[in-house]
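# Examining the three-dimensional arrangement
Chain by chain, the residues run as shown.
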Amino acid sequence: MIVALTITKFKPITIPFAFIGMAILRLPLILNRKCSFWKLMGAGKDAQVDLGPDFKHWAILTAWENKADCDDFYKHSFPIKWFRMFGIEEFTVLLKPLTSHGLWSGKQPFKIEKSNENKSGKVAVITRAAIKLNKRKEFRDNISKAAKEMRKAEGFIISAGVGENPYLDQATFSIWENVEAMKNYAYKSVDHSDVIKLTRQRKWYSEELFARFAIIQCTGSLNRQSISL
């Protein structure tokens, strides 16, 4: 399986077309039978994790059985052409799922093969949560410290906050130098480990997912930062 994530920064004058795209681009994605999972999403300010919605940054996540189908989508599909027509900056990363736990919109979107291993090299992580309405303020108050700590963590490279709903359905995408750096932040950093404990104690989420990926390819830049593999 190949998972592709594209985050595009739209020109300020074309932001209305980003909103239109979130509506009309659903149909070609629904009709694309080779795409096993997809999400059209907005992003936080400057595509960051802990900030409010930013109407300049938008994202598309897709999953494919093979790279040929993914490449064809990026060369010929109407959704990608739409993003590129109105965008001024594009970041695209192709990923191979290594581990995945939990659900996204009621399904397990990422197919894991037993042969998939990544003992060294950069890794990417997607964490996604559907936040309960009555827990939203409590979640926002606590996630800010963890997000700031992540950006200062050893081995951290880049992150982005995306989601179908800017307040209730949120996902964090991040890239790390290696698995060890990612795990040190996830389980040993004080603020993030506290958030994990509170998540369980306070039952913030109605649905959650954690997935780790090997990075196949990165192109473009996010906030003028590019990733070299």
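This section reports on the structure supplied with the text. (Residues numbered from 1 in each chain as written. Predicted model: local features only at pLDDT ≥ 70, side-chain atom pairs only at ≥ 80, totals over all residues. Heavy atoms only, no water.)

## Here we look at the layout of surface pockets
In this structure, the second largest pocket occupies an estimated 150 Å³ of space. Lining of the second largest pocket is provided by Lys-67, Cys-70, Asp-71, Tyr-74, Lys-75, Arg-84, Thr-92, Val-93, Leu-94, Gln-217 and Thr-219. Breaking the lining of the second largest pocket down by element, the ones donating at least two residues are α3 (67-76), β4 (87-102) and β8 (205-220). When residues in the lining of the second largest pocket are grouped by element, the largest group, five residues, is from α3. Here the lining of the second largest pocket is built from residues that sort into four nonpolar, three polar and four charged. (1 Å grid on protein atoms, 1.4 Å probe; cavity = no way out; pocket = protein on both sides within 12 Å on 5 of 7 lines; lining within 4 Å. Points joined across faces, edges and corners; volume = space filled by probe spheres on them. Helix = DSSP H or I, 4+ residues; strand = E, 2+ residues; numbered from the N terminus. Nonpolar A, V, L, I, M, F, W, Y, C, P; charged D, E, K, R; others polar.)

## Structural notes on α3
For α3, the full list of buried residues reads Asp-69, Cys-70, Phe-73 and Tyr-74. Viewed end-on, α3 has its buried residues packed into an arc of 135°, placing them on one side of the element. Projecting away from the buried face of α3 at angles above 90 degrees are the exposed residues Ala-68, Lys-75 and His-76. Where α3 is buried, its residues touch β1 (2-10), α2 (26-31), β3 (53-64), α4 (78-86) and β4. (Buried < 20%, exposed > 50% of the residue type's maximum accessible area, 1.4 Å probe, protein only. Arc of directions from axis to C-beta. Contact = heavy atoms within 4.5 Å.)

## Here we look at the state of the cysteines
Throughout the structure, instances matching the rule amount to zero disulfides. Free of any disulfide, Cys-70 has its nearest cysteine sulfur in Cys-35, 9.0 Å distant. Taking relative accessible area as the criterion, Cys-70 reaches 0% and is therefore assigned buried. (Disulfide = S-S within 2.5 Å.)

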